[in-house]
Amino acid sequence: MQEKRVGILGLGKKLGSKVLTNKDLEKIVDTSDEWIQTRTGIKERRILDKGESAATLASAAAKEALENAGVKAEEIDLVVVTTITPEQPLPATAAFVQREIHADKAGAFDLVVACPGFVYALTVLSPLISIGKYKYILVVSCDTLSTITDWEDRGTCVLFADGAGAAVLGEVPAPRGILQSAIHNDPYNIELLEIPGGGSRRPYSHEVIDNKEHFVKMRGNELFKVAVKSMTDVSLEVLEKAGWTIDDVDLLVPHQANIRITDAVATRLKVDKEKAVISITYMGNNSSATIPATLYDIQKEGRLKENDIVLCTTFGSGVAYGALLIQW
Ligand SMILES: CC(C)(COP(=O)(O)OP(=O)(O)OC[C@H]1O[C@@H](n2cnc3c(N)ncnc32)[C@H](O)[C@@H]1OP(=O)(O)O)[C@@H](O)C(=O)NCCC(=O)NCCS
């Protein structure tokens, strides 16, 4: 019998429909197209338009992933949405997606790990397929960061965007599939990126809202350094565990937080610049959606080909970080 591994059977993507350019942001905060492009690489980003929300983006991406995988919704065993911006506080956004796509026999829950959500989900869920517990799992990484952004804070509002990327996981013939993965969290840097208000410690109140504690607070400069180190270290860890070297990698698909972070990680890993995929220029930072949405785009462009070795690496609030090595 041919050896099997767990892999991605099909991808889907849906970004917010409203295009927000750097010029648009110049009208909102004291910034410039030149500053944003030089310091972050972003030219434009997509945010929610009227009538759109986490569940509408996530469901659209999910439907497309199912179609591309050739898997029916009723065959899905688990629907897992990674998000920090749910459709509403209760129930899980996964329940809304499940209802929309009619994945009627599935269990459904959300995973809250900010930007590394996709890598975390694939790491913890893929063994459930290898051990035979489940056949197909739908992972939808969906974040609508525009809804938790302080639109008066130029240090954050120029970065964030709204989007969803979905993947159907199932068995693929070896040597393709997930080769190795690792996830970690550095809790001593929680305060570098957080939403302090709106939880049990600081429940919603007029004071919380007036202080804007329900919006993302970020210490960008310090986070930058932690990001570069953690993404590099965890990439080297998965390569070593898999018995591969960086020269074996065809494509580096990092979380898209800042083009300078990607450049610094690529330099430290000694990856040729042309192997490092950049989508932040047109997508901004869609949190956990960036990696699946970027994989979707490069597969569509023909840049990502069967059997390519792909190294995904990511970090975010927590500070959570992780990496995934896949033979496509
Ligand atoms: C946020 C980030 C782009 C800021 O870039 P930076 O080069 O570190 O800039 P600094 O924060 O040191 O600020 C430099 C100056 O630019 C200013 N500035 C910040 N945002 C600005 C903006 N949008 N437009 C113009 N000026 C801006 C600052 O006020 C500061 O001015 P000052 O020197 O007069 O005080 C960068 O630190 C970053 O990307 N960090 C990682 C963030 C991240 O990854 N977040 C998501 C994690 S998933």
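Residues numbered from 1 in each chain as written. Predicted model: local features only at pLDDT ≥ 70, side-chain atom pairs only at ≥ 80, totals over all residues.

Draft legend 1. View of the overall build of the protein chain. Helix and strand counts for the protein chain come out as 11 helices and 13 strands. Relative to its length of 328 residues, the protein chain is compact, with a C-alpha radius of gyration of 19 Å against a globular reference of 20 Å. Taken over 328 residues, the protein chain has a buried fraction of 51%. The contacts in the protein chain between residues at least 6 apart in sequence include a share of 78% that link residues at least 24 apart. (Helix = DSSP H or I, 4+ residues; strand = E, 2+ residues; numbered from the N terminus. Rg over C-alpha atoms; globule rule 2.2 N^0.38 Å. Buried ≥ 20, exposed ≤ 12 C-beta atoms within 10 Å, placed from the backbone. Contact = placed C-beta atoms within 7 Å.)

Draft legend 2. Broad picture of the site of the ligand. Lining the immediate environment of the ligand, one finds 21 residues, of which Thr31, Arg154, Gly220, Ala257 and Asn258 sit closest. Contributing elements (two or more residues each) for the shell around the ligand: helix H2 (33–40), helix H6 (154–157) and helix H8 (220–242). The element that contributes the greatest number of residues to the shell around the ligand is H8, accounting for five residues. Of the residues in the shell around the ligand, the class split is 11 nonpolar, eight polar and two charged. (Near = placed C-beta within 6 Å. Nonpolar A, V, L, I, M, F, W, Y, C, P; charged D, E, K, R; others polar.)

Draft legend 3. Structural detail: the domain arrangement of the protein chain. When the domains of the protein chain are assigned, the result is domain 1 (4–174) and domain 2 (179–327). The C-alpha-based centres of domain 1 and domain 2 are spaced at 14 Å. Contacts between domain 1 and domain 2 engage 43 residues on the former and 40 residues on the latter. Broken down by secondary-structure element, the contributors of at least two residues to the side of domain 1 that touches domain 2 are strand S1 (4–15), strand S3 (44–47), helix H5 (117–130), strand S6 (137–144), H6 and strand S7 (162–173). (Domains from an automatic or database assignment.)

Draft legend 4. Structural detail: the sheet that holds strand S13 (residues 320–327). Across the sheet, which stays open at both edges, the four strands sit in the order S8-S13-S12-S11 with mixed pairing between neighbours. Every other strand in the sheet has two partners, leaving strand S8 (177–185) and strand S11 (251–254) as the edge strands with one partner each. Taken over all neighbouring pairs, the strand axes of this sheet differ in orientation by 10° on average, direction set aside. Two elements, S8 and S13, share eight bridges in a ladder whose sense is antiparallel. Counterpart to Gln180 in the pairing with S13 is Leu325. Lying on the sheet, H8 is in contact with S8, S11, strand S12 (309–316) and S13; it crosses S13 at an angle near 40°. (Pairing = 2+ DSSP bridges. Axes fitted to C-alpha atoms, helices over the stretch in contact; angles between N-to-C directions.)

Draft legend 5. Up close: H8. Here H8 spans 32 Å end to end across 23 residues, near enough to the 33 Å set by a 1.5 Å rise per residue. Buried within H8 we find Leu223, Ala227, Val228, Ser230, Met231, Val234, Ser235, Val238 and Leu239. Backbone geometry just downstream of H8 places Gly243 in the positive-phi region, at approximately 75°. (Expected span 1.5 Å × (residues − 1).)

Draft legend 6. Seen up close, the sheet that holds strand S5 (residues 107–111). Here five strands make up an open sheet; going across it, the order is S1-S7-S6-S4-S5 and the pairing mixed. Each edge of the sheet is formed by a strand with only one pairing partner; in this case those strands are S1 and S5. Direction aside, neighbouring strands of the sheet carry axes that sit 20° apart on average. Across the sheet, helix H3 (residues 54–69) touches S1, strand S4 (78–82), S6 and S7, and the angle it forms with S1 is around 135°.

Draft legend 7. Looking closely at the environment of Ala242. Considering the arrangement of structural elements, one finds Ala242 in helix H8. A residue is classified by how many C-beta atoms lie within 10 Å of it, and Ala242, with 17 of them, is partly exposed. When the C-alpha positions of Ala242 and Ile101 are compared, they lie 36 Å apart, and in sequence the two are 141 residues distant. When residues no more than four places from it in sequence are discounted, the contact partners of Ala242 are Leu179, Gln180 and Leu325.

Draft legend 8. Structural view of the nonpolar core. Counting 105 residues, the largest nonpolar core has Ala58, Leu138, Val139 and Val140 as its most contacted members. When residues of this core are assigned to domains, at least three map to each of domain 1 (4–174) and domain 2 (179–327). Non-local contacts of Ala58, meaning those with residues more than four positions away in its chain, are made with Val81, Thr93, Val97, Val140, Cys142 and Ala164. (Core = buried A, V, L, I, M, F, W, Y, C linked by C-beta atoms within 7 Å.)

Draft legend 9. Layout of the packing of H8 against helix H9 (residues 259–269). Two numbers describe how H8 lies on H9: the axes approach to 9 Å, and their chain directions differ by 40°. The angle between H8 and H9 places the two elements in the oblique class. Both H8 and H9 take part in a crossing whose hand is right-handed. On the side of H8, the interface is formed by Phe224, Ala227, Val228, Met231, Thr232 and Ser235, while H9 contributes Ile261, Ala264, Val265, Arg268 and Leu269. For the contact of H8 with H9, a count of residues per class yields eight nonpolar, two polar and one charged. (Parallel < 35°, antiparallel > 145°, perpendicular 65-115°, else oblique. Left-handed = near helix turned anticlockwise from the far one by under 90°.)

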